[in-house]
Amino acid sequence: MSEIELEKKRVFSAIQPSGMLTLGNYLGALKNWKDMQNDYDCLFSVADLHAITVRQEPAKLRQQVYTTAALLLAIGLQPQESIIFIQSHVSAHSQLAWLLSCYTQFGELSRMTQFKDKSQKHADNVNAGLFSYPSLMAADILLYHSDLVPVGADQKQHIEITRDIATRFNNIYGDVFTIPEPYIRKIGARVMSLQEPTKKMSKSDENVNAWVAILDSPEDIMRKFKRAMTDSDSNVCVGEGRDGVNNLIGIYSAITHRTADQVAAEFEGKGYGDFKKAVGEAVVEELRPVREKYEYYIKDKKELEAIYKIGAEKAEKIANRTLGKAMKKIGFVI
Ligand code: TYM
């Protein structure tokens, strides 16, 4: 192995296996994961422990873990390049999460916008796990000495608290954790609802036309983009308060790698109808190979199982070393 390979930066990210994954997940996170895997030393995880902060039906959760793992392979993550595993298979995540929760303050957890949103949405189940969710996420990231964490904009606050927890711990015990940086692309980091473009695109939106699932059929995708909310103007260009059009331009730019100005030039003199059709077609073509490969991986559970088991073994080696070091520093007998 060459020196340069040895010096590759470490990347970690994870995704919850809750429901269908969306175009927001894809453009905000998954697409970047795929693009990073050759240049970085990457670990990617299915965050099943995080998923149970809201009530899950057992059979459905199990199925969704398989679906999510198969999708990670379908988008082009390669087990030879990246470590792909299921979070609960590496028990160090739960263990370090407990330790870190003792170095996380009530006040800072109370300020997390995701906690505030989710506790409103699930008012009948505001459990301790939902509250201490960021300590588990900090454990995920810190176990692997991650330098970069590729996520969508909504996760920035969680990376910031991870940095605070790690810095606090290091200030007491010395250099145990690497302080991670969020990796958030300008384009695609916040894909908005197609129906209410001031809101984030989310799979929990009851209006199915508001979000695109990665596995949606081409017909469904085209229909959703044709119905996407725009405004009474007809110029395809970015502008203040033009949330719907801005969102569609962002999606198109993220897929075609064109700037907003290039998109505006491409559609000069054309109406929203042509533009929406083009965005829909770009999304269909981007997701087509993903859907096809997904069909392959989801059918072969044995291969899938082999991949995530090997992933967990590799992850565990790194994670246990960090956990052991942290425990020793705190003063546990090990
Ligand atoms: P999750 O499962 O909600 O989302 C997975 C990734 O998708 C991004 N994302 C979006 N990006 C752009 N536009 C959207 N509309 C959109 N919706 C979702 C998210 O920002 C995320 O990057 N807590 C995390 C999972 C997690 C994690 C971690 C992430 C657990 N441990 C450690 C990084 C590092 C979550 O709930 O993401």
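About the cut-offs
- Residues numbered from 1 in each chain as written.
- Predicted model: local features only at pLDDT ≥ 70, side-chain atom pairs only at ≥ 80, totals over all residues.
- Heavy atoms only, no water.
- Buried < 20%, exposed > 50% of the residue type's maximum accessible area, 1.4 Å probe, protein only.
- Helix = DSSP H or I, 4+ residues; strand = E, 2+ residues; numbered from the N terminus.
- Pairing = 2+ DSSP bridges.
- Right-handed = clockwise from strand over helix to strand, strands pointing away.
- Domains from an automatic or database assignment.
- Contact = heavy atoms within 4.5 Å.
- Buried area = accessible area lost by both parts, 1.4 Å probe.
- Salt bridge = Lys/Arg side-chain N within 4 Å of Asp/Glu carboxyl O.
- Near = heavy atom within 4 Å.
- Polar contact = N/O pair within 3.5 Å; in protein donor to acceptor, adjacent residues only side chain to side chain.
- Areas by Shrake-Rupley, 256 points an atom, 1.4 Å probe, with all protein chains shown as cover.

Caption draft 1: View of the pairing of strand 1 (residues 10-15). Counting buried residues along strand 1, five of its six residues qualify, which places the element largely inside the surrounding structure. Bridge analysis of strand 1 against strand 2 (residues 41-46) gives six bridges, and the strand direction is parallel. Bridge assignment links R10 to a residue of strand 2, and that residue is D41. Regarding the hand of the β-α-β motif, the stretch spanning strand 1, helix 2 (residues 23-36) and strand 2 is right-handed.

Caption draft 2: Local environment of the domain arrangement of the protein. Each assigned domain of the protein is listed here: domain 1 (3-189 + 301-330) and domain 2 (208-294). For domain 1 versus domain 2, the distance between C-alpha centres works out to 30 Å. Counting from both sides, the interface comprises 15 residues of domain 1 and, opposite them, 18 residues of domain 2. Across the domain 1 to domain 2 interface the summed buried area is about 1400 Å²; carbon plus sulfur atoms make up 77%. The interface formed by domain 1 and domain 2 contains zero salt bridges.

Caption draft 3: Inspection of unusual backbone geometry at higher detail. Although it is not a glycine, H145 adopts a positive phi angle of roughly 50°. Position of H145 relative to the elements: it lies in the loop between helix 8 (128-142) and strand 4 (148-150). Of note, the phi angle at H257 is positive, near 60°, even though the residue is not glycine. Within the secondary structure layout, H257 lies in the loop between helix 11 (243-256) and helix 12 (260-266).

Caption draft 4: Up close: the site of the ligand. The ligand sits among 26 residues. The nearest are Q16, Y133, D140, D154 and V191. Within the contact set of the ligand, an oxygen atom lies 2.8 Å away from a side-chain nitrogen or oxygen of Q16. D140 is positioned such that a nitrogen or oxygen atom in its side chain is 2.6 Å from a nitrogen atom of the ligand. Summarising the interface, the protein chains cover 96% of the accessible area of the ligand, which totals 710 Å² for the free molecule. Looking at the shell around the ligand, the elements that each hand over two or more residues are strand 1, helix 2 and helix 8.

Caption draft 5: The pattern of salt bridges, seen in detail. For the structure on display, the rule yields 15 salt bridges. One salt bridge connects D154 with K200, and the closest N-O pair in it is separated by 2.8 Å. Of this pair, D154 sits in the loop between strand 4 and helix 9 (156-173) while K200 sits in the loop between strand 5 (181-183) and helix 10 (218-226); the two residues are 46 residues apart in sequence, bridging distant segments of the chain. By relative accessible area, which is 35% here, K200 ends up partly exposed. A salt bridge links R258 to E266; the nearest nitrogen and oxygen atoms lie 2.4 Å apart. For E266, a relative accessible area of 28% corresponds to the partly exposed category.

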